[in-house]
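Structure at a glance
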Amino acid sequence: MTTRVDFYQLSRDPVDVTVAKLARKVLQAGERLVVVSADEAQRQHLSRVLWQQGGATFLANGMAGGPHDARQPILLSESCTAPNDARMLLIADGVWRDEALGFERVLLLFDPARRDAAAELWRRFAKESAIDNRINKQDQNGAWREGA
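Residues numbered from 1 in each chain as written. Predicted model: local features only at pLDDT ≥ 70, side-chain atom pairs only at ≥ 80, totals over all residues. Heavy atoms only, no water.

**Thoughts on the pattern of salt bridges**
Per the stated rule, a full pass over the model turns up twelve salt bridges. Each of the salt bridges in this network shares a partner with another, and the network as a whole consists of Arg4, Asp6, Arg105, Asp132, Arg134 and Glu146. (Salt bridge = Lys/Arg side-chain N within 4 Å of Asp/Glu carboxyl O.)

**A closer look at the side chain of aspartate 13**
Note on placement: aspartate 13 falls in the loop between β1 (3-9) and α1 (15-28). Polar contacts involving the side chain of aspartate 13 include one to the side chain of arginine 12, which spans 3.1 Å. A polar side-chain atom of aspartate 13 sits 2.7 Å from a polar atom in the side chain of lysine 21. For aspartate 13, the residues in contact, after removing those within four places along its chain, are Thr18, Lys21, Gln138 and Gly142. (Helix = DSSP H or I, 4+ residues; strand = E, 2+ residues; numbered from the N terminus. Polar contact = N/O pair within 3.5 Å; in protein donor to acceptor, adjacent residues only side chain to side chain. Contact = heavy atoms within 4.5 Å.)

**Notes on the pairing of strand β4 (residues 74-77)**
Here β4 shows a buried face lined by Ile74 and Leu76 and a second buried face lined by Leu75 and Ser77. Relative to β4, strand β2 (residues 33-36) is paired through four bridges, and the arrangement is parallel. By the bridge assignment for β4, valine 34 is matched with leucine 75. In the sheet, strand β3 (residues 62-63) pairs with β4 via two bridges, with the strands oriented parallel. From the neighbouring strand, glycine 62 faces β4, where its bridge partner is leucine 75. (Buried < 20%, exposed > 50% of the residue type's maximum accessible area, 1.4 Å probe, protein only. Pairing = 2+ DSSP bridges.)

**Some details on unusual backbone geometry**
Located in the positive-phi region is aspartate 85, a residue other than glycine, with phi close to 60°. With respect to the secondary-structure elements, aspartate 85 resides in the loop between β4 and β5 (88-91). Owing to a relative accessible area of 65%, aspartate 85 belongs among the exposed residues under this scheme.

Below is the structure:
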(Lines give C-alpha, C1' and ligand atoms only; values in the text may rest on other atoms or scores of the structure.)
Protein backbone atom coordinates (compact mmCIF):
# COMPACT_ATOMS: atom_id res chain seq x y z
CA MET A 1 0.00 0.00 0.00
CA THR A 2 1.24 3.47 -0.89
CA THR A 3 0.64 6.23 1.62
CA ARG A 4 0.29 9.76 0.36
CA VAL A 5 1.78 12.33 2.74
CA ASP A 6 0.84 15.96 2.13
CA PHE A 7 3.07 18.53 3.83
CA TYR A 8 1.39 21.84 4.73
CA GLN A 9 3.69 24.63 5.92
CA LEU A 10 1.67 27.07 8.00
CA SER A 11 2.68 30.53 6.92
CA ARG A 12 -0.54 32.56 6.70
CA ASP A 13 -3.37 30.92 8.61
CA PRO A 14 -3.06 29.42 12.09
CA VAL A 15 -3.44 25.70 12.67
CA ASP A 16 -7.11 25.88 13.75
CA VAL A 17 -8.19 27.70 10.58
CA THR A 18 -6.19 25.28 8.43
CA VAL A 19 -7.61 22.22 10.21
CA ALA A 20 -11.16 23.50 9.60
CA LYS A 21 -10.47 24.15 5.90
CA LEU A 22 -8.89 20.75 5.33
CA ALA A 23 -11.48 18.88 7.41
CA ARG A 24 -14.27 20.42 5.34
CA LYS A 25 -12.58 19.23 2.13
CA VAL A 26 -12.14 15.73 3.55
CA LEU A 27 -15.84 15.50 4.45
CA GLN A 28 -16.88 16.95 1.08
CA ALA A 29 -14.91 14.11 -0.53
CA GLY A 30 -17.03 11.63 1.45
CA GLU A 31 -14.15 10.59 3.71
CA ARG A 32 -13.72 10.40 7.49
CA LEU A 33 -10.81 11.94 9.34
CA VAL A 34 -8.71 11.47 12.45
CA VAL A 35 -7.03 14.66 13.74
CA VAL A 36 -4.01 13.95 15.94
CA SER A 37 -2.36 16.14 18.54
CA ALA A 38 -0.53 15.19 21.72
CA ASP A 39 -1.79 18.43 23.29
CA GLU A 40 -5.19 17.94 24.93
CA ALA A 41 -5.83 21.69 25.06
CA GLN A 42 -5.20 21.92 21.31
CA ARG A 43 -7.60 19.02 20.66
CA GLN A 44 -10.30 20.72 22.77
CA HIS A 45 -9.76 24.02 20.94
CA LEU A 46 -9.89 22.34 17.53
CA SER A 47 -13.13 20.58 18.48
CA ARG A 48 -14.75 23.91 19.41
CA VAL A 49 -13.52 25.55 16.20
CA LEU A 50 -14.94 22.70 14.09
CA TRP A 51 -18.33 22.87 15.84
CA GLN A 52 -18.47 26.67 15.57
CA GLN A 53 -18.11 26.89 11.81
CA GLY A 54 -21.57 28.45 11.71
CA GLY A 55 -25.09 27.35 10.90
CA ALA A 56 -25.50 24.17 8.92
CA THR A 57 -21.82 24.23 7.98
CA PHE A 58 -20.51 23.06 11.37
CA LEU A 59 -18.10 20.15 11.28
CA ALA A 60 -19.35 17.38 13.57
CA ASN A 61 -16.59 15.78 15.60
CA GLY A 62 -15.82 13.91 18.79
CA MET A 63 -12.97 13.13 21.13
CA ALA A 64 -11.45 9.66 20.89
CA GLY A 65 -12.34 7.38 23.74
CA GLY A 66 -16.04 8.21 23.73
CA PRO A 67 -18.91 5.76 23.34
CA HIS A 68 -19.63 6.83 19.75
CA ASP A 69 -16.14 6.89 18.20
CA ALA A 70 -17.21 4.67 15.31
CA ARG A 71 -19.91 7.17 14.26
CA GLN A 72 -17.74 10.30 14.28
CA PRO A 73 -16.93 11.80 10.86
CA ILE A 74 -14.01 13.64 12.51
CA LEU A 75 -12.30 12.11 15.52
CA LEU A 76 -9.76 14.07 17.57
CA SER A 77 -7.16 11.85 19.18
CA GLU A 78 -3.69 11.68 20.67
CA SER A 79 -2.95 8.50 18.71
CA CYS A 80 -2.94 7.31 15.10
CA THR A 81 -5.84 4.91 15.37
CA ALA A 82 -9.14 5.07 13.50
CA PRO A 83 -12.10 3.61 15.38
CA ASN A 84 -14.23 5.66 12.95
CA ASP A 85 -12.70 3.78 9.98
CA ALA A 86 -11.01 6.93 8.66
CA ARG A 87 -8.53 6.45 5.85
CA MET A 88 -7.21 9.98 6.29
CA LEU A 89 -5.15 11.39 9.16
CA LEU A 90 -4.34 15.02 9.90
CA ILE A 91 -1.39 15.72 12.19
CA ALA A 92 -2.21 19.07 13.80
CA ASP A 93 0.70 19.37 16.23
CA GLY A 94 3.40 19.02 13.57
CA VAL A 95 5.01 15.97 15.21
CA TRP A 96 5.43 13.04 12.81
CA ARG A 97 4.44 9.57 14.04
CA ASP A 98 5.43 6.53 11.98
CA GLU A 99 2.06 4.94 12.88
CA ALA A 100 0.55 7.48 10.48
CA LEU A 101 1.80 5.33 7.59
CA GLY A 102 -1.07 2.94 8.31
CA PHE A 103 -3.44 5.47 6.71
CA GLU A 104 -3.99 5.97 2.98
CA ARG A 105 -3.38 9.70 3.23
CA VAL A 106 -1.74 11.88 5.86
CA LEU A 107 -1.92 15.67 6.09
CA LEU A 108 1.05 16.97 8.10
CA LEU A 109 0.74 20.57 9.28
CA PHE A 110 3.94 22.24 10.44
CA ASP A 111 4.94 25.75 11.42
CA PRO A 112 8.26 27.53 10.80
CA ALA A 113 9.67 26.12 14.06
CA ARG A 114 9.26 22.58 12.67
CA ARG A 115 10.46 23.37 9.16
CA ASP A 116 13.83 21.63 9.52
CA ALA A 117 12.21 18.46 10.91
CA ALA A 118 9.69 18.51 8.05
CA ALA A 119 12.48 18.93 5.48
CA GLU A 120 14.36 15.98 6.98
CA LEU A 121 11.18 13.88 6.88
CA TRP A 122 10.60 14.94 3.25
CA ARG A 123 14.07 13.73 2.28
CA ARG A 124 13.50 10.42 4.09
CA PHE A 125 10.19 9.86 2.31
CA ALA A 126 11.67 10.77 -1.09
CA LYS A 127 13.77 7.59 -0.80
CA GLU A 128 10.78 5.33 -0.02
CA SER A 129 8.74 3.97 -2.91
CA ALA A 130 5.76 3.22 -0.63
CA ILE A 131 5.32 6.93 0.14
CA ASP A 132 4.00 9.58 -2.23
CA ASN A 133 5.00 12.87 -0.59
CA ARG A 134 3.75 16.26 -1.74
CA ILE A 135 4.17 19.83 -0.56
CA ASN A 136 1.31 22.33 -0.32
CA LYS A 137 1.75 26.07 -0.02
CA GLN A 138 -0.76 28.75 0.75
CA ASP A 139 -1.23 31.65 -1.65
CA GLN A 140 -1.99 35.24 -0.63
CA ASN A 141 -5.75 34.56 -0.86
CA GLY A 142 -5.52 31.66 1.61
CA ALA A 143 -5.99 28.85 -0.92
CA TRP A 144 -3.72 25.82 -0.71
CA ARG A 145 -1.92 24.74 -3.87
CA GLU A 146 0.29 21.76 -4.49
CA GLY A 147 3.73 22.87 -5.55
CA ALA A 148 7.47 22.63 -5.17
